[in-house]
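Structural features, examined
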Amino acid sequence: MENHKKYIYIAIAIFFFLLTGLVLFQQKMISNLNSKVGKIGQAGSGNQVNMDTSKKTIVAAVKKTITENANSVEGIIRSKTENSFVIDAEVADISKLEGQKEENLIKGDSLPKIKKSFTVVVNDQTHFPDIGKIGFKQIPVGVKVRVMCGQSVYISDNLTASEIYILTKLNIPPSEYIKQEKDIAGKITEINEKYLKIEVNWLVYSKDVEPNREKFWENPTVTKEYKVNIDDKTIFQGDRNSLKVNDVVKAFSATPTFSLTEFTATKIEWPVQMTTAE
């Protein structure tokens, strides 16, 4: 009987021992689970912070790229003076980049625009690739242009143009172009230490007839002889002493040459390839 009671007590002790172990194991599992959930939550919070930081980085990079590289504007000339004009243009509104989608920022698509007016100064270094040497005076108000400058358009509303492209077709007669030429090309007829005489064939343009641009030698010409003076500032491309009569040269002037018969050359180039009929 005594042995029987002893076995009962031992069984009860083992039961409580196992129960206590099970409770402790469950508490440990719950603690581990809570720890993992907490880490996941922290990781999620960190990802959101990273996303916000990434967006701000993209906005800052796009803003920097735009402001540093925006060295041109397009728009309509609204008013004009002898050496400047006012242009109405649209540029990217960098103050509203934060509200744009990341993909639009990265691609540069659909960025918000703002209308601005710029005063553009034209000087002797301004080039007009579309209309050659005809110059600024022939560009009327109302024409759409693209202005290239050596500075960011976000730094100042006052720009100095390095190049101006005409985006509106201009009805300018060819005779106006030739009147703005500041160089001549032709054969040397006389050589002197202080000057050259050069025979030039100018194309004669009619106001009513479009010139043949492919075979320009078929257009009527007029022959004109120029006395081209040489001074210590004249630049020679090549050996001056090798020049001889009948050589074809190109002489540059500081002013348009069409209406002149004599000028001082700023530069003389040769040889010059003259295109003729086959």
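Conventions adopted
- Residues numbered from 1 in each chain as written.
- Predicted model: local features only at pLDDT ≥ 70, side-chain atom pairs only at ≥ 80, totals over all residues.
- Heavy atoms only, no water.
- Helix = DSSP H or I, 4+ residues; strand = E, 2+ residues; numbered from the N terminus.
- Contact = heavy atoms within 4.5 Å.
- Areas by Shrake-Rupley, 256 points an atom, 1.4 Å probe, with all protein chains shown as cover.
- Core = buried A, V, L, I, M, F, W, Y, C linked by side-chain atoms within 4.5 Å.
- Buried < 20%, exposed > 50% of the residue type's maximum accessible area, 1.4 Å probe, protein only.
- Pairing = 2+ DSSP bridges.
- Axes fitted to C-alpha atoms, helices over the stretch in contact; angles between N-to-C directions.
- Salt bridge = Lys/Arg side-chain N within 4 Å of Asp/Glu carboxyl O.
- Phe/Tyr/Trp six-rings, centres within 6.5 Å; stacked < 30°, edge-to-face > 60°.
- Lys NZ or Arg CZ within 6 Å of the ring centre and 35° of its normal.
- pLDDT = per-residue confidence, 0-100.

A separate point is the overall build of the protein. Counting its regular elements, the protein contains 3 helices and 12 strands. Looking at the protein alone, contacts between residues at least 24 apart form 68% of all its contacts between residues at least 6 apart. A total accessible area of about 19,000 Å² is found for the protein, and carbon and sulfur atoms account for 53% of it.

Looking now at the nonpolar core. Counting 24 residues, the largest nonpolar core has Val73, Phe85 and Val145 as the members making the most contacts within it. For this core, the secondary-structure elements that each account for two or more residues are strand 1 (72-80), strand 2 (84-92), strand 3 (113-121), strand 4 (144-149) and strand 5 (158-166). Non-local contacts of Val145, meaning those with residues more than four positions away in its chain, are made with Val73, Glu74, Gly75, Ile77, Phe85, Ile87, Ile164, Tyr165, Ile166 and Leu167. One finds Ile184, Ile188, Val228 and Ile230 within the second-largest nonpolar core, a separate group that totals 18 residues.

Judged by how many residues are buried, strand 10 (residues 248-252) sits mostly within the fold: 4 of 5 residues are covered. Direction of pairing for strand 6 (residues 183-191) relative to strand 10: antiparallel, over a ladder of 5 bridges. Paired with Ala185 across the strands is Lys250, a residue of strand 10. Pairing between strand 10 and strand 12 (residues 267-269): 3 bridges, direction antiparallel. Across the sheet, the residue bridging to Phe252 is Lys267, located in strand 12.

With that settled, the discussion passes to the sheet that holds strand 11 (residues 262-264). Spatial strand order, 9-12-10-6-7-8-11: 7 strands in an open sheet with mixed pairing. The open sheet is flanked by strand 9 (235-237) and strand 11, the only strands paired with a single partner. Across the sheet, the mean angle separating the axes of adjacent strands is 35 degrees when strand polarity is ignored. The pairing of strand 6 with strand 7 (residues 195-203) spans 4 bridges and is antiparallel. Looking at strand 7, one finds that Lys187 is bridged to Glu199.

Let us now look at the pairing of strand 8 (residues 221-229). The side chains of a regular strand alternate between the sheet's two faces. As defined by bridge partners, strand 7 adjoins strand 8 across 9 bridges and the pair is classed as antiparallel. Looking across to strand 8, one finds that Leu196 is bridged to Val228. Strand direction decides the pairing type here: strand 8 and strand 11, joined by 3 bridges, are parallel. When the sheet's bridge partners are listed, Lys227 is paired in strand 11 with Glu262.

Let's shift gears to the pattern of salt bridges. Oppositely charged side chains can pair when the atoms bearing their charge come close. If you walk through the whole model with that rule in mind, you get 7 salt bridges. Residues Lys116 and Asp157 are paired through a salt bridge, measuring 2.9 Å at the closest nitrogen-oxygen approach. In this pair, Lys116 sits in strand 3 while Asp157 sits in the loop between strand 4 and strand 5, placing the two residues 41 residues apart along the sequence. Its relative accessible area of 24% is what places Lys116 among the partly exposed residues. Assessed through its relative accessible area of 37%, Asp157 is described here as partly exposed. In this structure, Asp247 engages Lys244 in a salt bridge whose closest nitrogen and oxygen atoms are separated by 3.3 Å. We classify Asp247 as buried; its relative accessible area is 16%.

Attention now goes to the sheet that holds strand 5. Ordered by their spatial adjacency, 5 strands build a closed barrel running 1-2-3-5-4, and the pairing between neighbours is mixed. The average angle at which neighbouring strand axes cross in this sheet is 55 degrees, direction not considered. Bridge count for strand 1 against strand 2 is 5 bridges, and the pairing is antiparallel. Looking at the pairing, Gly75 lines up with Ala89 of strand 2.

A full pass over the atoms with the stated rule returns 3 aromatic pairs. Between Phe236 and Trp270 the ring centres are 6.3 Å apart and the planes differ by 75 degrees, which places this aromatic pair in the edge-to-face class. Pair noted here: Phe236 is in strand 9 and Trp270 is in the segment after strand 12, with a separation of 34 residues, a long-range link. For the pair Phe236 and Trp270, one class covers both residues: buried. The cationic tip of Lys224 hangs over the ring face of Phe258; the distance from NZ or CZ to the ring centre is 5.8 Å. Geometry around Phe252 places Lys267 over its ring, the cationic atom sitting 4.8 Å from the centre.

Here we come to the confidence of the model for the protein. For the protein, per-residue confidence averages 77 on the pLDDT scale, and residues scoring 70 or more make up 68% of the total. In the model of the protein, helix 1 (residues 2-69) stands out as the element of lowest mean pLDDT, 55, in contrast to strand 11, which has the highest, 97. Contacts for the low-pLDDT stretch residues 32-51, under 50 throughout, to residues beyond four places or in other chains number 1 contact.

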